[in-house]
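Structure assessment
The primary structure of each chain is shown beneath.
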Amino acid sequence: IGPRLTGTIASFLYGTGTIMTGWAIHQNSIWLLYLSYGVIGGLGLGAGYVTPVSTIIKWFPDKRGLATGLAIMGFGFAAMLTGPVAQQLMASVGLEQTFYFLGTILFCYYAARCTVYCYVQIWHYQALLENSIYSKKGTRLTRGPELTANQALKTKSFTFLWIMFFINITCGIGLVSAASPMAQSMTGMSVQTAAIMVGIIGLFNGFGRLIWATLSDYIGRPATFSAIFILDIVMLSAILIFKLPLLFVIALCLLMSCYGAGFSVIPAYL
């Protein structure tokens, strides 16, 4: 149905889910929280996440890694911007009002952004058609068999990619949420130092999405994904064996770059 309508639906779901979260807090209802923040907001987030990524891949078919890396790097860095804003809002107007405010602002912004997709798409596709590399008959920018989406879903390659992606993201989220207490308990790091470390690994999470994805344009997606998992195994083993503060930080930074890379390399890979 195209990115414009999909993005509009996503903006409605995410904005509504965020606003309803404030109402769930007002009602002190855990089930309403699950429905609003979890189900409705989650559907909106997912649809809103893939819309620009799938669109950008079509704009830059010869640099899919770089394109997705730039888009998804923004997704990773967004938490660094909205986190302090949300903290200030909660301190000034309260938790409930913060969700009302953010939900309204996000809905208005996303809805306005989606109207731009259509016009940008038309302009960019016209520019591509004028370029001989795309208009030349028989030119292919991908390797391997040509498959429809339904055919691709049934392949073993897709199944294994899905499992690898699931493992990478699950472990990455686990490390992000537990990075500070892990550093304190495993290496004796102070609370202040651990907080600084969390900020640093956030940068690696963001830039890893761009660097690894761009690298995949040159060495290929299979080699990049293999390198990511080999590095994951080596760094996790190093953390468990040595338990030194400096090595812990270096290993966690590299692990977070791999975690971010999963988000950006997999769309180009698929």
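Refer to the preceding data block for the structure.
Right, let's walk through the structure included here. Note that the structure is a prediction, hence the values are computed from the model and not measured. (Residues numbered from 1 in each chain as written. Predicted model: local features only at pLDDT ≥ 70, side-chain atom pairs only at ≥ 80, totals over all residues. Heavy atoms only, no water.)

A word on the nonpolar core
Grouped together as the largest cluster of nonpolar side chains are 23 residues, with contacts concentrated most on M197, I201 and L252. Mapped onto this core, the elements with two or more residues apiece are α2 (30–59), α7 (156–187), α8 (191–219), α9 (221–242) and α10 (245–269). Of the residues forming this core, the biggest block, nine residues, is contributed by α10. Among all residues touching M197, those that are not within four sequence positions of it are A179, S180, A183, M189, F248, V249 and L252. Residues W212, I228, C258 and V265 belong to the second largest nonpolar core, which totals 10 residues. (Core = buried A, V, L, I, M, F, W, Y, C linked by side-chain atoms within 4.5 Å. Buried < 20%, exposed > 50% of the residue type's maximum accessible area, 1.4 Å probe, protein only. Helix = DSSP H or I, 4+ residues; strand = E, 2+ residues; numbered from the N terminus. Contact = heavy atoms within 4.5 Å.)

A few points about helix α1 (residues 3–27)
Compared with the 36 Å implied by 1.5 Å per residue over 25 residues, the 35 Å span of α1 between its first and last C-alpha is a close match. Listed as buried for α1 are P3, G7, A10, S11, G15, G17, T18, T21, G22 and A24. Looking one or two residues past α1, N28 carries a phi angle of roughly 55°, positive in sign. (Expected span 1.5 Å × (residues − 1).)

Here we look at the environment of I169
Counting through the fold element by element, I169 comes out in helix α7. What makes I169 buried here is its relative accessible area of 11%. Setting aside its immediate chain neighbours within four residues, I169 contacts Y259 and F263.

Some thoughts on helix α3 (residues 64–93)
Counted at 1.5 Å a residue, the expected span for α3 with its 30 residues is 44 Å, and the 42 Å between its end C-alpha atoms agrees. At F77, α3 shows its strongest bend, of approximately 35°. Within the sequence span of α3, burial applies to R64, G65, A67, T68, G69, I72, M73, G76, F77, A86 and L89. After α3 finishes, the residue G94 shows a positive phi value of roughly 100°. (Bend = angle between axes of the 7 residues up to and from the residue.)

Things to note about the packing of α7 against α10
At a closest axis distance of 10 Å, the pairing of α7 and α10 adopts a crossing angle of 155°. If you check the angle between α7 and α10, you find them roughly antiparallel. The way α7 lies across α10 gives a crossing that is left-handed. Looking at side-chain class alone, the contact of α7 with α10 contains 20 nonpolar, four polar and no charged residues. (Axes fitted to C-alpha atoms, helices over the stretch in contact; angles between N-to-C directions. Parallel < 35°, antiparallel > 145°, perpendicular 65-115°, else oblique. Left-handed = near helix turned anticlockwise from the far one by under 90°. Nonpolar A, V, L, I, M, F, W, Y, C, P; charged D, E, K, R; others polar.)

Brief notes about the side chain of R221
Looking at where R221 falls in the secondary structure, it is placed in helix α9. Here the side chain of R221 touches S216 through a polar contact of 3.0 Å, side chain to side chain. Apart from residues no more than four positions distant in its own chain, R221 is found in contact with R64, G65, A213, S216, V265, A268 and Y269. (Polar contact = N/O pair within 3.5 Å; in protein donor to acceptor, adjacent residues only side chain to side chain.)

Remarks on a nonpolar patch on the surface
A surface patch of nonpolar side chains, about 630 Å² in accessible area, is lined by M80, I196, I200, L203, F204, F207 and I211. Ranked by residues supplied to the nonpolar patch, first place goes to α8 with six residues. Here M80 is to be found in helix α3. On the accessibility criterion, M80 (39% relative accessible area) is partly exposed. (Patch = residues over 30% accessible without salt bridge, like charges linked within 9 Å, V, L, I, M, F, W, Y side chains within 5 Å. Areas by Shrake-Rupley, 256 points an atom, 1.4 Å probe, with all protein chains shown as cover. Salt bridge = Lys/Arg side-chain N within 4 Å of Asp/Glu carboxyl O.)

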